[in-house]
Amino acid sequence: MEQALQNYERTTQEAVVELRAVWEVERNKLVLERQALVEVRRVMELDHATMAAEIATVEGMVVLPDDRVLLNVGGKNFETTRRTLTAAATLAPYSLLGVMFSGRHEGRLQPDTEGRVFIDRNAAMFEYILDFLRGYSMGDENSGFAIRALPETQMAA
């Protein structure tokens, strides 16, 4: 009986050691799987953020028909967006373009037969202003250089 009890304890201990070894192998597999899943999640989150940025960029570039604005400035035709014309409202809340195209004065704008709003200003100067606003509306911190590039003689005009 004593011998049977010793055999039982030895067999039980061997089984426990074997089970612990199997458990450790499975535990290590799970740790590796978890690490792989964490990496997959990180990559997917990065991919999601990249896609969200791409979507925002595309949406920012897509111009809805109602947002298009046709202008005749000093006899030269321009086409832009309402968002561009109102972009600098934070810098100059009472700017002529910002006020005209804010949406509050739609009834006062009188487009010609081609749908262009006439602005009696220097077209060459307006190109610089429009370039500045386009850059500013897209978040270009250097868009102010378009205004600084104006020759002194034109700035005084």
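What you are looking at is a predicted structure, and each value in this text was computed from that prediction instead of being measured.

### Some thoughts on the pairing of strand β1 (residues 68–73)
Here comes step 1: Among the six residues of β1, five are classified as buried, and the element is accordingly described as predominantly covered.
Here comes step 2: In the sheet, β1 pairs with strand β2 (residues 76–81) via six bridges, with the strands oriented antiparallel. Note on β2: the bridge partner recorded for V69 is T80.
Here comes step 3: Adjacent in sequence and paired antiparallel, β1 and β2 are bridged by two residues, among which G74 carries a positive phi angle near 55°.

### A closer look at the nonpolar core
Here comes step 1: Grouped together as the largest cluster of nonpolar side chains are 17 residues, with contacts concentrated most on L71, F78, L85, L97, F101, I119 and F126.
Here comes step 2: Elements supplying a minimum of two residues to this core: β1, α3 (96–100), β3 (116–119) and α4 (123–137).
Here comes step 3: Leave out the neighbours within four places in its chain, and F126 touches L71, V73, F78, L85 and L97.

### Observations regarding the packing of aromatic side chains
In this description, an aromatic ring pair is defined by two values, namely the gap between the centres and the angle between the planes.
Here comes step 1: This structure, assessed with the given rule, holds one aromatic pair.
Here comes step 2: Judged by centre distance (5.0 Å) and plane angle (70°), the rings of F78 and F126 are edge-to-face. Residue F78 is located in strand β2, and its partner F126 is located in helix α4; the two are separated by 48 residues in the primary sequence. Accessibility classification places F78 together with F126 in one group, the buried group.

Quick notes on the rules
Residues numbered from 1 in each chain as written. Predicted model: local features only at pLDDT ≥ 70, side-chain atom pairs only at ≥ 80, totals over all residues. Heavy atoms only, no water. Buried < 20%, exposed > 50% of the residue type's maximum accessible area, 1.4 Å probe, protein only. Helix = DSSP H or I, 4+ residues; strand = E, 2+ residues; numbered from the N terminus. Pairing = 2+ DSSP bridges. Core = buried A, V, L, I, M, F, W, Y, C linked by side-chain atoms within 4.5 Å. Contact = heavy atoms within 4.5 Å. Phe/Tyr/Trp six-rings, centres within 6.5 Å; stacked < 30°, edge-to-face > 60°.

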